[in-house]
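Chain and residue survey
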Amino acid sequence: MTGPKRGVVLIVDDEPEVADAYAAHVRDAHEVRTAYGGEEALAKLDEDVDVVLLDRRMPDMVGDEVLETVRDRGLDCRVAMVTAVDADFDIVDMEFDDYVVKPVSGEELLDTVDRLLRCADYERALREYYRVTRTQVALQSAKGAAELADSDEFGRLEERRAELRDSLSAAAERLADEDFESLFRDLRE
C-alpha cells in the first residue's frame, strides 16, 4: 500500500470467491468489508461505509431490496450495482449511483469506487459551501457593515467560503475531466 486508505467499501456478492476477488483488488486502496448475502450486508452496513458494491441476484435478499433499505436508512454512502443482470427498464426508479455489468476487472472496480468517492467528496463540499454562504447572507442581513468588518468570526467565515469555492472549482474540473469524459464515452459506445 502506498498511502492511507481512502474509504470504507462494502462488497456484497453471494458467491464468496467473487466477493473475495473484488476485495483483493480494492483492499490496497480502501478498507474492505465483505458480505456474502443481502442480510449479512445490512448487518455490516453502518455510517462508516462510503461505497457499496452490490450484486443484484442473491438468494436470501436481492440487491434491489438491499439498495432500497440502504436508501430508507438515509445512509450517506454511494451504491454501485455490480451485476450480471443487464440493465432493463426496471432500474429506472432504483436509486443506485452506478451500474456495472459483470464481468468486471479489478481496475474497473477501483475506478468505480474512486469515482464514487470523488462525487461524494464534491457533494459534501458543495453542501458546506451552501451552508457557509447562507450563514454569510444571514449575517449580512442582520448586522451592519462596521460590525461585520470588526468580527473575527465573520472574517473566518469569509475565508472558509473562499477556500470552499476554490476547492469546489478544482474538484469540478477533475470531475469534468475524468468522470464526465468516461460517462460520455460510455454513452457513445
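Rules used throughout
- Residues numbered from 1 in each chain as written.
- Predicted model: local features only at pLDDT ≥ 70, side-chain atom pairs only at ≥ 80, totals over all residues.
- Heavy atoms only, no water.
- Helix = DSSP H or I, 4+ residues; strand = E, 2+ residues; numbered from the N terminus.
- Buried < 20%, exposed > 50% of the residue type's maximum accessible area, 1.4 Å probe, protein only.
- Contact = heavy atoms within 4.5 Å.
- Areas by Shrake-Rupley, 256 points an atom, 1.4 Å probe, with all protein chains shown as cover.
- Salt bridge = Lys/Arg side-chain N within 4 Å of Asp/Glu carboxyl O.
- Polar contact = N/O pair within 3.5 Å; in protein donor to acceptor, adjacent residues only side chain to side chain.
- Pairing = 2+ DSSP bridges.
- Axes fitted to C-alpha atoms, helices over the stretch in contact; angles between N-to-C directions.
- Parallel < 35°, antiparallel > 145°, perpendicular 65-115°, else oblique.
- Left-handed = near helix turned anticlockwise from the far one by under 90°.
- Nonpolar A, V, L, I, M, F, W, Y, C, P; charged D, E, K, R; others polar.
- Arc of directions from axis to C-beta.

For the rest of this paragraph, the subject is the overall build of the chain. Regarding its fold elements, the chain presents six helices and five strands. Order of helices (α) and strands (β) in the chain, N terminus to C terminus: β-α-β-α-β-α-β-β-α-α-α. Relative to its 189 residues, the chain shows a buried fraction of 38%. Contacts in the chain between residues at least 24 apart in sequence constitute 58% of all its contacts with a sequence separation of at least 6. For the chain, the exposed area adds up to about 11100 Å²; of that, 49% sits on carbon and sulfur atoms.

Turning our attention to the pattern of salt bridges. Evaluated as defined, the whole model comprises 17 salt bridges. The partner of Lys44 in a salt bridge is Glu40, and the shortest N-O contact between them spans 3.2 Å. Separated by four residues within a single helix, Lys44 and Glu40 lie in helix α2 (residues 38–44), roughly one turn from each other. Taking the relative accessible area as the measure of exposure, Glu40 reaches 30% and is therefore partly exposed. In this structure, Asp55 and Lys102 form a salt bridge, with 3.5 Å as the shortest nitrogen-oxygen distance. Here Lys102 lies in the loop between β5 (98–101) and α4 (106–142) and Asp55 lies in the loop between β3 (51–54) and α3 (63–73), a separation of 47 residues in the sequence.

With that out of the way, let us pick up the side chain of His30. Along the chain, the position of His30 falls in the loop between α1 (16–26) and β2 (31–35). In terms of polar contacts, His30 uses its side chain to reach the side chain of Asp114, at 3.1 Å.

Among the structural elements, Arg33 can be located in strand β2. Among the polar contacts made by the side chain of Arg33, one reaches the side chain of Asp46 at a distance of 3.1 Å. Excluding residues that lie within four positions of it along the chain, Arg33 makes contacts with Val8, Val9, Leu10, Ile11, Lys44, Asp46, Asp48 and Val49.

Right, let's get into the sheet that holds β5. Strand order in the open sheet formed by five strands is β2-β1-β3-β4-β5, and the pairing between neighbours is parallel. Edge positions in the open sheet fall to β2 and β5, since each of these has one partner strand only. Here the strands of the sheet are splayed against their neighbours by 20° on average, with no regard to which way each runs. The sheet contact formed by β3 and strand β4 (residues 78–83) spans four bridges and is parallel. Pairing of Leu54 across the sheet is with Met81, part of β4. Relative to the sheet, α1 contacts β1 (8–12), β2 and β4, its axis offset from that of β2 by approximately 175°. Across the sheet, α3 touches β3 and β4, and the angle it forms with β4 is around 180°.

With that out of the way, let us pick up the packing of α1 against α4. When two helices pack together, their arrangement is captured by the angle between the axes and the distance separating the axes. Their axes nearest at 9 Å, the elements α1 and α4 cross at an angle of 65°. The orientation of α1 with respect to α4, classified from their angle, is roughly perpendicular. Our pair here, α1 against α4, has a crossing hand that is right-handed. In this structure, α1 contributes Tyr22, His25 and Val26 to the contact, and α4 contributes Gly106, Leu109 and Leu110. Taken together, the residues of the contact of α1 with α4 break down into four nonpolar, two polar and no charged.

Inspection of α3 places Gly63, Val66, Leu67 and Val70 among the buried residues, and these make up the whole buried set. On an axial view of α3, the arc spanned by its buried residues comes to 100°, and they lie on one face. Exposed residues lying more than 90 degrees from the buried face of α3 are Glu68 and Asp72. Among the structural elements, α2, β3 and β4 are those in contact with the buried residues of α3.

Geometry only, nothing functional implied.
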